[in-house]
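# Structural features, examined
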Amino acid sequence: MNMSEESDTADVMENPPPSNWILHHPTYQLMKNLEVEDSEQLHTAFLVYMDLSEVRHWKEVSCVKSPELQLVLLEAREKEGAPVQTVLPLPVHRPLSHKSIRHVLDRGFPMLLCAVAADSTLVYQRMTDGLVTPDPPVGPFQDLGRRQHRKRRQQR
């Protein structure tokens, strides 16, 4: 071990990271300043923020307060130049009403609902205003229908 490695080790020993580093993170502090009363939703919003910014590398991730819902919402771009999307982070057990979805959709941006489980598993679901027809399947698919089934039955 050389001298610089020893001093680095000594610094880590002298200044261990805080026991709950989340509480000291600048973005968490910013979210707290939005004065949302639900601390569980605040924690959930921070976990989603970290996933979007650090794992998925979304751009311009920011937090805003929804006064009607008393929740922290996130706004971000999936990539540079992409449209802004609103993300509604909620604990998985939290009920969700049509009215609350409507409030978020009325902001005018595409919406993602992010359900966060107790083990920090995140599940994203795209929400739309109205029904959206699915894209057709991609690939060389051939519909054999019921005829193929009949042929198999006759061969037995």
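Along every chain, residues carry numbers that run from 1 in the direction the sequence is written. Reporting in this predicted model follows two pLDDT cut-offs: at least 70 for local features of residues, and 80 or more for side-chain atom pairs to be given and counted; totals over whole chains, interfaces and linings ignore these cut-offs and use all residues. The side-chain numbers reported here are obtained from all heavy atoms of the structure, hydrogens and water having been left aside.

Salt bridges, as used here, are contacts in which a Lys or Arg side-chain nitrogen is within 4 Å of a carboxyl oxygen on Asp or Glu. Considering all chains together, one arrives at 7 salt bridges under this definition. Measuring nitrogen to oxygen at the nearest pair gives 3.2 Å for the salt bridge that ties Glu 40 to Arg 94. Of this pair, Glu 40 sits in helix α3 (residues 39-55) while Arg 94 sits in the loop between β3 (84-91) and α4 (98-105), placing them 54 residues apart in sequence. Take Glu 40: its relative accessible area is 36%, and that puts it in the partly exposed class. Salt-bridge contacts for Arg 56 lead to Asp 51; the nearest nitrogen and oxygen are separated by 2.7 Å. Buried residues are those whose accessible area, probed at 1.4 Å on protein chains only, stays under 20% of the maximum for their type, while exposed residues exceed 50% and partly exposed ones sit between those limits. Exposure remark for Arg 56: the relative accessible area of 42% places this residue in the partly exposed category. Only runs of H or I of at least four residues qualify as helices and only runs of E of at least two qualify as strands under DSSP, and these elements are numbered from the N terminus.

What follows concerns α3. To estimate how far a helix should extend, the number of its residues minus one is multiplied by 1.5 Å. Between its first and last C-alpha, α3 extends 23 Å over 17 residues, near the 24 Å set by a 1.5 Å rise per residue. Of all 17 residues in α3, 12 are buried, a share of seventy percent or more. Restricting attention to buried positions, one finds in α3 the residues Gln 41, Leu 42, Thr 44, Ala 45, Phe 46, Leu 47, Val 48, Tyr 49, Met 50, Asp 51, Leu 52 and Ser 53. Two residues qualify as a contact provided that any one of their heavy atoms is within 4.5 Å of a heavy atom in the partner residue. Residues of α3 that are buried make contact with α2 (26-32), β1 (59-66), β2 (71-77), β3, β4 (111-116) and β5 (122-127). Measuring from the backbone nitrogen of Glu 40 back to the side-chain oxygen at the start of α3 gives 3.1 Å, which picks out Asp 38 as the cap. His 57 sits one or two positions beyond α3 and adopts a positive phi of about 60 degrees. Polar contacts, as counted here, are pairs of nitrogen or oxygen atoms within 3.5 Å of one another; within protein the pair requires one atom able to donate a hydrogen and one able to accept it, and residues that are adjacent in sequence qualify only if both atoms are side-chain atoms.

Even without being a glycine, Gln 70 presents a positive backbone phi close to 55 degrees. With respect to the secondary-structure elements, Gln 70 resides in the loop between β1 and β2.

Turning to α4, its buried residues are Ser 100, Ile 101, Val 104 and Leu 105. Buried positions in α4, seen along its axis, are confined to an arc of 140 degrees and lie on one side of it. With respect to the buried face of α4, the exposed residues turned more than 90 degrees away are His 98 and Lys 99. Those residues of α4 hidden inside the fold are in contact with β2, β3, β4 and β5. To be clear, the arc concerns the directions from the helix axis to the C-beta atoms.

Okay, the pairing of β1 next. Here β1 pairs with β2 via 6 bridges, running antiparallel. Counterpart to Lys 59 in the pairing with β2 is Arg 77. Paired strands, in this sense, are two strands between which DSSP finds at least two bridges. Two successive antiparallel strands, β1 and β2, enclose a turn made up of 4 residues, where Gln 70 displays a positive phi of approximately 55 degrees.

Spatial ordering of the open sheet is given by β1-β2-β3-β4-β5, a layout of 5 strands whose pairing is mixed. Every interior strand has two partners, whereas the edge strands, β1 and β5, have only one. Ignoring which end each strand starts from, the neighbouring axes of this sheet average 30 degrees apart. Pairing of β4 with β5, which is carried by 6 bridges, proceeds in the antiparallel orientation. Among the inter-strand pairings, Ala 115 is bridged to a residue of β5, identified as Val 123. Axes, fitted as lines to C-alpha atoms, cover a helix only where it is in contact. Angles between the N-to-C directions of the axes lie from 0 to 180 degrees. Across the face of the sheet, α3 comes into contact with β1, β2, β3, β4 and β5 while running at roughly 135 degrees to β3. The sheet contacts of α4 involve β2, β3, β4 and β5, and relative to β4 the element is tilted by about 130 degrees.

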